[in-house]
There are 2 protein chains.
Amino acid sequence: MKINSLKGMNDYLPAEADLRDYLQSTILRVYKENGFSRVITPIIEDIENLDKSEGGDNLNLIFKILKRGDKLEKAIEEQKFDELSDMGLRYDLTLPLSRYFANNRANLLTPFKCIQIDKVYRAERPQKGRLRELTQCDIDILGSDSYFCEIELIDVTAKALLEIGLSDFKVRINDRRILKELLLSFGFDESEIASVCISFDKINHIGLGGVEEELRNKEFSPAGIEKFVSFLGTMPIDIDMLPNSESIENLQRIISGVKQICNGKYSIEFDISLVRGQGYYTGTVFEIESNEFKDSIAGGGRYDNLIGKFLGETIPAVGFSIGFERIFCILSERNSQMPKTKKRIAFLYDDFFTAYTKAQDFQAEYDVTLFEKPQKLGKFLNRLESQGYYGWITSDELKIFNER
Amino acid sequence: MKINSLKGMNDYLPAEADLRDYLQSTILRVYKENGFSRVITPIIEDIENLDKSEGGDNLNLIFKILKRGDKLEKAIEEQKFDELSDMGLRYDLTLPLSRYFANNRANLLTPFKCIQIDKVYRAERPQKGRLRELTQCDIDILGSDSYFCEIELIDVTAKALLEIGLSDFKVRINDRRILKELLLSFGFDESEIASVCISFDKINHIGLGGVEEELRNKEFSPAGIEKFVSFLGTMPIDIDMLPNSESIENLQRIISGVKQICNGKYSIEFDISLVRGQGYYTGTVFEIESNEFKDSIAGGGRYDNLIGKFLGETIPAVGFSIGFERIFCILSERNSQMPKTKKRIAFLYDDFFTAYTKAQDFQAEYDVTLFEKPQKLGKFLNRLESQGYYGWITSDELKIFNER
């Protein structure tokens, strides 16, 4: 039998599992203190829901679950090989949440401020830092179109990151409607905008020249391309230089609101090049980028049409998701302290029953593991210390490792 | 798009999610205090590992994941319809743990005492109380054949149940080897024993007569059946009446050991009819049954050969698993208190920025949700109270609902 975990999916050692628990419970605590409520949805969704969810490239990465019994036989018999599956693993937490809100709306307070901390699955091509089983930590506000939602989501997410020891990050924000208005004003057709954005989204990887080349290859009007490229040549673009519009004003209010409440603990800036991959975003999009790691550690945006696909009625919605695996990577390498967690000691016993009872006296202060006293005590103590034990007990006396 | 969660898989409302979090974190705390270490494994395993894992009926309930791309095309092209899948969702936490231990052994302390609290998946025929996505809370001890392991697992599991407010339960224990020795002494052949046990396992559902009929239908030697049935006619069977053997002595030590440390908080008894479904158990098997609900709420046993399938070397192992969904059902209906969890209040604001800042003063004591002050205040306050809010703040003053 195969001994390794599947590619892109990790086994976590006890110290890693403890760090993950600590980070998730700290993030959960901050979210709850700030008035968001935890919800839980299944990891499996109907395949049609997933397929129609406008998830962008993620739709190509869905793990599909094989039909069973008669249904499977029927699909094979009828040679319908694109109907071998009727369920799939979720690729994010936004689609399940939209279905959840539609399903449970009568029992929820609106605006609904909620938390999800859970696993999602993507059949990524395995490479360093790309997992196929990954955890996301999301907060969302459903049922309000107020720009206070964006301010609250951004600052509460930032608070969670600060609480787990991350700092030195900046928020980048844009609004897809601004980009759309610009492209329309340059002469692009409404039907071309999604395709232009896909090319534009690559600007940080392929540069302005690369974007221009791709747009020419897609055979858009040369005049439109020229206007767009010459406009982008002036990047970084100050939001105040853009022609006034409702989405610009909305974004200006968000940016100044965040600056007002963040107490200078992080910065926020307009970035016209921020697009984000998901197709379901309809307005504001935002990311948090670690200045230290030059990497996005959280991303989100407004998705006002997704819940409507379930309800047939538009419900405004906006969410922000921490990419937990990047946070975990950063903090693992930093060898983070976990404040407020109990230390672990070993009780090395001659008599099991005496030790089992006495161990309870220490449990208020320590996590206590019982081991039969080993023949080679010194060697075993070294093992304990290397495993992060704080000390050990023999003959009723607690000894601390770093006091040896 | 489909609004309901898939059958056998639940959406959890905030109050339900909070109760699940509270129960899981309490169980985790008790397990950790008692010296077990958390480990995490992926929910997806290689399909061959799952298929060869001797999981009994659960092997028929595996959700299989469809192959992708070239691999899928090849299987379809070659008409190999039993090779459409190469991965599956785990049906329990024991198989993944065995693989984990084999994979990570060099980095683990032996005996390895570990915790898993995680989701498993079974394609059960949907019916009340049978979920297809369910959580289990397991502790296991790997690398020791001492009967102290069973004592520790049983008492620590019982402590966790007591801590979350369950009491009035009893432990039932047996050893598969005792049953095997008995059946051999009655003249059954070694090769027949598994099949006899499958019939015998049904005794609480079909009665002694039903078991006898099934054994006759399976055409075992009538003399053997007669001896077995007449022996069972004397149930409940006292362990001291059985012919002495190593497994009997081992079981007697476990029973008297548990009685010694449990302080009369629960009872433990020998039950010859306890078999349990999994094929991988090799010795002791045990369950905790709620006297109040006449239902098994935890089950476990010794599985000395499973890790060996990965390592080619026998590693003794024993585990105990709380069926979290039953616990959750029982405590939901009981409307359980969650001590030590923060109460939630609403801050109804006229000015967002003032409220956002002031809310932080209350967050040490409360979880604080911000809402724009609604037009119909009375109606909104009723909604808040029905959603479990403890009070609300307007114009800087906290008001408590039950003091209205």
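This write-up is about the structure you can find in this document.

Rules behind the numbers
Note that residues are indexed from 1 along each chain, following the sequence as it is written. Lettering of chains starts at A and numbering of ligands starts at 1, both following the order in which they are written. Side-chain atom pairs in this predicted model are given and counted only at pLDDT of 80 or more, local residue features only at pLDDT of at least 70, and totals for whole chains, interfaces and linings cover all residues. Neither water nor hydrogens contribute to the side-chain values; these are computed over all heavy atoms in the structure. Alignment of copies: least-squares fit on C-alpha atoms of residues with pLDDT of at least 70 in both copies. Contacts are assigned to residue pairs with any non-hydrogen atoms lying within 4.5 Å of each other. A quick way to say it: buried area is the sum, across both parts, of accessible area lost when two parts are put together, with a 1.4 Å probe. Throughout this description, the term salt bridge denotes a Lys or Arg side-chain nitrogen within 4 Å of a carboxyl oxygen of Asp or Glu. In protein, a polar contact means a hydrogen-donor-capable atom and an acceptor-capable atom, both N or O and within 3.5 Å, with residues adjacent in sequence counting only if both atoms are side-chain atoms; elsewhere, any N or O pair within 3.5 Å suffices. Helix and strand assignments come from DSSP, with helices taken as H or I runs of at least 4 residues and strands as E runs of at least 2, each series counted from the N terminus. When a residue's accessible area, from a 1.4 Å probe over protein chains only, is under 20% of the maximum for its type it is buried; when over 50% it is exposed; and in between it is partly exposed. Whether two strands pair comes down to DSSP finding at least two bridges between them. A fitted line through C-alpha atoms serves as each axis, taken over the contacting stretch for helices, and the angle formed by two N-to-C directions is quoted from 0 to 180°. To estimate how far a helix should reach, multiply one less than its number of residues by 1.5 Å. Any angle that falls under 35 degrees is termed roughly parallel, while one over 145 is termed roughly antiparallel, one within 65 to 115 roughly perpendicular, and all others oblique. Put simply, a crossing is left-handed when the front helix is turned counterclockwise from the back one by less than a right angle, and right-handed when it is turned clockwise. Of the two site types, the cavity is a set of points on a 1 Å grid over the protein atoms alone where a 1.4 Å probe fits but cannot get out, and the pocket is an open set with protein on both sides within 12 Å along at least five of seven lines, each lined by residues with an atom within 4 Å of a point. Grid points are joined across faces, edges and corners, and a volume is the space filled by probe spheres set on the points. Any residue that is not Ala, Val, Leu, Ile, Met, Phe, Trp, Tyr, Cys, Pro, Asp, Glu, Lys or Arg is counted as polar, Gly included; the first ten are nonpolar and the last four charged.

1. Structural notes on the relation of the copies chain B and chain A
Rotating chain B by 180° and moving it 0.0 Å along the rotation axis overlays it on chain A with an RMSD of 0.0 Å. Taken together, the rotation and translation relating the two chain copies correspond to the operation of a two-fold axis. No C-alpha of chain B lies nearer the rotation axis than that of isoleucine 65 of chain B, which sits 2.2 Å from it.

2. Brief notes about the interface of chain B and chain A
Counting residues at the interface gives 101 residues for chain B, matched by 101 residues for chain A. At the boundary of chain B with chain A, total buried surface from both sides reaches about 9,000 Å², with 59% on carbon and sulfur atoms. Area buried by chain B at its contact with chain A is led by Met1, Leu109 and Tyr356 of chain B, which between them contribute 10% of it. Across the contact surface, chain B and chain A share 14 salt bridges. Taken together, the connections running from chain B to chain A amount to 55 residue pairs in polar contact (both at pLDDT 80 or more). The dominant element in the side of chain B that touches chain A, judged by the number of residues it contributes, is helix H1 (residues 14–33) of chain B, at eight residues.

3. Some points on the pairing of strand S9 (residues 284–290) of chain A
Side-chain direction in a regular strand flips from residue to residue, so the side chains alternate between the two faces of the sheet. Residue and element names in this part refer to chain A. The element S9 is largely enclosed, with a buried count of seven among its seven residues. The side-chain alternation of S9 yields two buried faces, one formed by Thr284, Phe286, Ile288 and Ser290 and the other by Val285, Glu287 and Glu289. Strand direction decides the pairing type here: strand S7 (residues 169–175) and S9, joined by seven bridges, are antiparallel. Bridge pairing links isoleucine 173 to phenylalanine 286 in S9. Pairing geometry for S9 and strand S10 (residues 295–302), over six bridges, is antiparallel.

4. Describing the sheet that holds strand S11 (residues 317–323) of chain A
All names here are of chain A. Here we have eight strands laid out as an open sheet, ordered S1-S5-S6-S11-S10-S9-S7-S8, and mixed in their pairing. Edge strands, defined here as strands with exactly one partner in the open sheet, are strand S1 (37–38) and strand S8 (267–270). Strand contacts of helix H10 (residues 246–261): S7, S8 and S9, with the helix running at about 165° to S7, the strand carrying the most contacts.

5. What to know about helix H4 (residues 94–104) of chain B
Most of H4 of chain B sits out of view: ten of its eleven residues are buried. Looking at the buried side of H4 of chain B, the elements it contacts are helix H1 (14–33) of chain A together with strand S2 (44–46), helix H2 (47–51), strand S5 (112–121), strand S6 (133–142) and helix H11 (308–311) of chain B.

6. Describing H1 of chain B
Compared with an ideal rise of 1.5 Å per residue, which puts 20 residues at 28 Å, H1 of chain B spans 28 Å between its outermost C-alpha atoms and is within 8% of the ideal. The first or second residue beyond H1 of chain B is glycine 35 of chain B, which carries a positive phi of 90°.

7. Brief notes about the packing of helix H5 (residues 147–163) of chain A against H10 of chain A
All names here are of chain A. Two elements in contact, H5 and H10, have axes whose closest approach is 9 Å; the angle formed by their N-to-C orientations is 40°. Taken together, H5 and H10 sit at an angle that is classed as oblique. H10 is crossed by H5, and the crossing has right-handed handedness. Residues Tyr147, Glu150, Ile151, Ile154 and Asp155 of H5 lie in contact with H10, whose contacting residues are Asn250, Arg253, Ile254, Gly257, Val258 and Ile261.

8. Comments concerning the sheet that holds strand S9 (residues 284–290) of chain B
All names here are of chain B. The eight strands lie next to each other as S1-S5-S6-S11-S10-S9-S7-S8, forming an open sheet whose pairing is mixed. In the strand order of this sheet, the two ends are held by strand S1 (37–38) and strand S8 (267–270), each with one partner. Each of strand S7 (169–175), S8 and S9 touches helix H6 (residues 176–185); the most contacted strand, S7, lies at about 45° to it.

9. What to know about the pattern of salt bridges
When charged atoms on two side chains of opposite charge get close, those side chains can pair. The tally for this structure, following the rule as stated, stands at 70 salt bridges over all chains. With its nearest N and O atoms 2.9 Å apart, the salt bridge here joins arginine 29 of chain B to glutamate 163 of chain B. Taken as a pair, arginine 29 of chain B in helix H1 and glutamate 163 of chain B in helix H5 (residues 147–163) lie far apart in primary sequence, 134 residues in all. By relative accessible area, which is 29% here, arginine 29 of chain B ends up partly exposed. Its relative accessible area of 39% is what places glutamate 163 of chain B among the partly exposed residues. Measuring nitrogen to oxygen at the nearest pair gives 2.9 Å for the salt bridge that ties glutamate 152 of chain B to lysine 113 of chain B. Of the two residues, glutamate 152 of chain B is situated in helix H5 and lysine 113 of chain B in strand S5; the sequence distance between them amounts to 39 residues. With a relative accessible area of 6%, lysine 113 of chain B lands in the buried category. Within the structure, one salt-bridge network assembled from shared partners comprises Arg172, Asp271, Arg276, Glu287 and Glu289 of chain A.

10. Side note on empty space enclosed by the protein
With a probe scaled to a water molecule rolled over the atoms, the places where space remains empty come into view. According to the stated counting rule, one finds three cavities of 30 Å³ or more in the structure shown. Taken as a whole, the largest cavity holds about 50 Å³ of empty space. In terms of lining residues, the largest cavity is bounded by Asn10, Tyr12, Arg20, Lys119, Glu133, Leu134, Thr135 and Glu325 of chain A together with Ile40 of chain B. When the residues that make up the lining of the largest cavity are grouped by side-chain class, the tally is three nonpolar, two polar and four charged.

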